[in-house]
Amino acid sequence: MRVLLTSVFGPFAQDDAYGSRAVNPLELYHNQVTRAQGPFSLRMHHRSWGIMLIQANIDAPSTLLDFPTRERFIEELTSHQYDVVGISGIIVNIGKVREMCRLVREHSPKSTIVVGGHVAAIPGLELMLEADHVVKGEGIRWFREFLGEPVDAPINHPAVRSSFGSRLMGLRMSQGGGDPAATIIPSVGCPMGCNFCTTSSFFGGKGRFVNFFETGQELFDIMCDTERKLHVSTFFVMDENFLLYKTRVLELLELMKRHGKVWSMFVFSSANAIKKYEMRQLVELGVSWVWMGFESAEAGYAKLESADTVALTRELQSHGIRVQGSTIIGMEHHTPDNMRQEIAHAVAHDADCHQFMLYTPLPGTPLHAEMEAQGRMLEGVDLADIHGQHKFNFKHEHIERDDSKVWLDEAFQHDFDVNGPSLFRMMRTTFEGWKRYGADDDARVRARFAGEAAKLKQGYGAALWAMEKYLEASNKRVSEHIGDLRRQIERELGGLSRIIDRVAGTVLLWSARRDAAAYPAGRPLEPETFVDRRHW
């Protein structure tokens, strides 16, 4: 059998007839994290890791088509005969998934159509489009069984670059924005089972997840292989709560020590899982970035029980660990009277990056079931608009639907006005780490922070200079903080950093101003199309 695996077609950063929205571009950071930061927004794309993992774990001849245009998808269908066409999408992509199913029926009528990804969580999806199979949950096992291959064969982890197409201040950046990383996927799902979480519900719900790799040794071998193939030492660990599995993590740490590995890791973790470790353990493990859910101080989720997330954020940053916070706007206890206070609490974390999302009951989640049972789901809301960056799709007890967007935008803007560009905050935390560990007794730790300090010395300071000058008139307080950090770095690291900052900074400032003038809401970016063939 020949298999075609494909993501949905573009474009993505503009309104179209199939459900794309300009307000919902295919960029994690510019969409949900740094979108109010003008030319300092972090711009990049990420591959469709799920179908890449499936392709690497089936023996049948296969093609992976990532981010095609509609025309390129048709070309692939008519140029080759495929027995199976697998289409992956998220819930807001339903219009595109439906059209792609129709196109397969038209151009490759003998193909079996398989639909997967989070779009499969929509109740009754089978009646909304022409698919032979709708797969909910993990897809590797399903495809192996369907193709008659051993379902329990070991998982083969492909070497996957974390991001591509990076831009900053109007300029294209080198691979990975100067810090190329690889993606490692130890598991899918999350056992914490927050009622709003589509990831948790999609892979089994509370207490359940799918672990691809049980041991630290397995992860170590994969990371060594990826390091060799991609020449990287930074890993984006795509696991919803990586630090929760402490035995595996500590085994990985011991192997890193034994083999002298100087690696950096970007991880997801709940506050309570982080607290199970000593800061020294996290530093030696190479954790340099943590995505942590703040949600809301009054949320009551188990993962936040008795956790002071503001204090924890400060502690992590003091050890050179950058914090990506996540806050939900419009929870049940939010009202027009307390919303501004809730936003202020979130902003007070001064996290290096901060995601804000609307409280959104997505199909397939316990929250959606609860809201539906209560008769609170709004009728007539297009599924393409329930991405958490537009307006409520349910009746909130205290906040009107149109006002939800106003509060969301205010949260992004207030975070930027008070704390400044995320790029500045990240550099500040990096510098704190170097001051604390630059002369550490552990050679591995010392080497990692020396490498991060080198980036501050060899160009990142130029970005600080440009940010300082750019914000001088509009936000003098933040501009002064940026200037203070720049001067500290120049004094501590010395060399030619001061000259580099001013020369390169002038170019960055000009580019940032040009980009902001041309694209006030950010330059629309589309990902390139990838075609990967295996066993062809």
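That block above? That's the structure.
As a starting point, this report considers the structure included with it. (Residues numbered from 1 in each chain as written. Predicted model: local features only at pLDDT ≥ 70, side-chain atom pairs only at ≥ 80, totals over all residues. Heavy atoms only, no water.)

Moving on to the sheet that holds strand 18 (residues 530-534). With mixed pairing, the 6 strands of this open sheet are ordered in space as 6-5-4-1-3-18. The sheet is open, and its two borders are formed by strand 6 (133-134) and strand 18, each paired with just one other strand. (Pairing = 2+ DSSP bridges. Helix = DSSP H or I, 4+ residues; strand = E, 2+ residues; numbered from the N terminus.)

Now for the packing of aromatic side chains. Tallied over the entire structure, the rule returns 25 aromatic pairs. Aromatic pair tryptophan 289 and tryptophan 291: ring centres 5.8 Å apart, planes at 70 degrees, arrangement edge-to-face. The positively charged end of lysine 246 is found above the aromatic ring belonging to tyrosine 277, 5.2 Å away from the centroid. Directly above the ring of tryptophan 536 sits arginine 533, whose terminal nitrogen or CZ lies 5.1 Å from the centroid. (Phe/Tyr/Trp six-rings, centres within 6.5 Å; stacked < 30°, edge-to-face > 60°. Lys NZ or Arg CZ within 6 Å of the ring centre and 35° of its normal.)

The subject of this paragraph is the environment of methionine 331. By the secondary structure assignment, methionine 331 is in the loop between strand 16 (322-329) and helix 12 (339-347). Remark: the alpha-carbon pair of methionine 331 and serine 162, spanning 169 residues in sequence, is separated by 32 Å.

Taken as a whole, the second largest pocket encloses approximately 320 Å³ of empty space. Around the second largest pocket sit 19 residues that line it, and Ala22, Val23, His30, Arg35 and Ala521 are the ones nearest its centre. Contributions of two or more residues to the lining of the second largest pocket are made by helix 1 (28-32) and helix 14 (401-419). Broken down by element, the lining of the second largest pocket gets its largest block of residues, 4 residues, from helix 14. For the lining of the second largest pocket, the per-class residue count stands at 9 nonpolar, 4 polar and 6 charged. (1 Å grid on protein atoms, 1.4 Å probe; cavity = no way out; pocket = protein on both sides within 12 Å on 5 of 7 lines; lining within 4 Å. Points joined across faces, edges and corners; volume = space filled by probe spheres on them. Nonpolar A, V, L, I, M, F, W, Y, C, P; charged D, E, K, R; others polar.)

Moving on to the nonpolar core. Ranked by size, the top nonpolar core spans 99 residues in total, and within it Met169, Leu243 and Met467 carry the most contacts. No other element matches the 8 residues that helix 16 (residues 443-470) contributes to this core. Beyond its immediate sequence surroundings of up to four residues, methionine 467 is in contact with Phe40, Met169, Pro421, Leu423, Phe424, Met427 and Ile482. Counting residues in hydrophobic clusters, the runner-up holds 30 residues, among them Leu65, Ile87, Ile94 and Cys101. (Core = buried A, V, L, I, M, F, W, Y, C linked by side-chain atoms within 4.5 Å. Buried < 20%, exposed > 50% of the residue type's maximum accessible area, 1.4 Å probe, protein only. Contact = heavy atoms within 4.5 Å.)

The subject of this paragraph is the sheet that holds strand 9 (residues 171-172). Taking strand neighbours across the sheet as the criterion, the 3 strands line up as 2-8-9 in an open arrangement whose pairing is antiparallel. Two strands in the sheet have a free side with no partner beyond their single neighbour: strand 2 (43-45) and strand 9. Sheet topology note: the strand 2/strand 8 (residues 164-168) ladder contains 2 bridges and is antiparallel. When the bridges of strand 8 are listed, arginine 43 appears paired with arginine 167.

Any two side chains of opposite charge can pair, on the condition that their charged atoms come close. Enumeration according to the criterion identifies 40 salt bridges in this entry. Notably, a salt bridge pairs aspartate 415 with arginine 425, separated by 3.0 Å at the nearest N-O pair. One end of the pair, aspartate 415, is in helix 14; the other, arginine 425, is in helix 15 (residues 422-437), and 10 residues separate them in sequence. This pair shows no difference in class: aspartate 415 is buried, exactly as arginine 425 is. Between arginine 487 and aspartate 484 there is a salt bridge, with the nearest N and O atoms lying 2.9 Å from each other. Taken together, the positions of arginine 487 and aspartate 484, both in helix 17 (residues 476-493) and 3 residues apart, correspond to about one turn of that helix. Because the salt bridges share partners, they merge into one network encompassing Glu468, Lys469, Asp484, Arg486, Arg487, Glu490 and Arg502. (Salt bridge = Lys/Arg side-chain N within 4 Å of Asp/Glu carboxyl O.)

Moving on, we come to unusual backbone geometry. Along the chain, glycine 10 connects to proline 11 via a cis peptide bond; the corresponding omega equals 5 degrees. Note on placement: proline 11 falls in the loop between strand 1 (3-7) and helix 1. Positive phi values are uncommon outside glycine, yet histidine 231 reaches one of about 60 degrees. Mapped onto the elements of the fold, histidine 231 is located in the loop between helix 7 (216-230) and strand 13 (234-237). Even without glycine at this site, aspartate 350 takes up a positive phi of about 50 degrees. Among the structural elements, aspartate 350 can be located in the loop between helix 12 and strand 17 (353-358).

What the rule picks out here adds up to 4 cavities of 30 Å³ or more. Counted as a void, the second largest cavity has a volume near 110 Å³. As for the second largest cavity, its lining consists of 16 residues, and the residues nearest its centre are Gly38, Pro39, Arg43, Gly170 and Asp515. Looking at the lining of the second largest cavity, the elements with two or more residues in it are strand 8 and helix 18 (497-518). For the lining of the second largest cavity, the residue count by class is 8 nonpolar, 4 polar and 4 charged.

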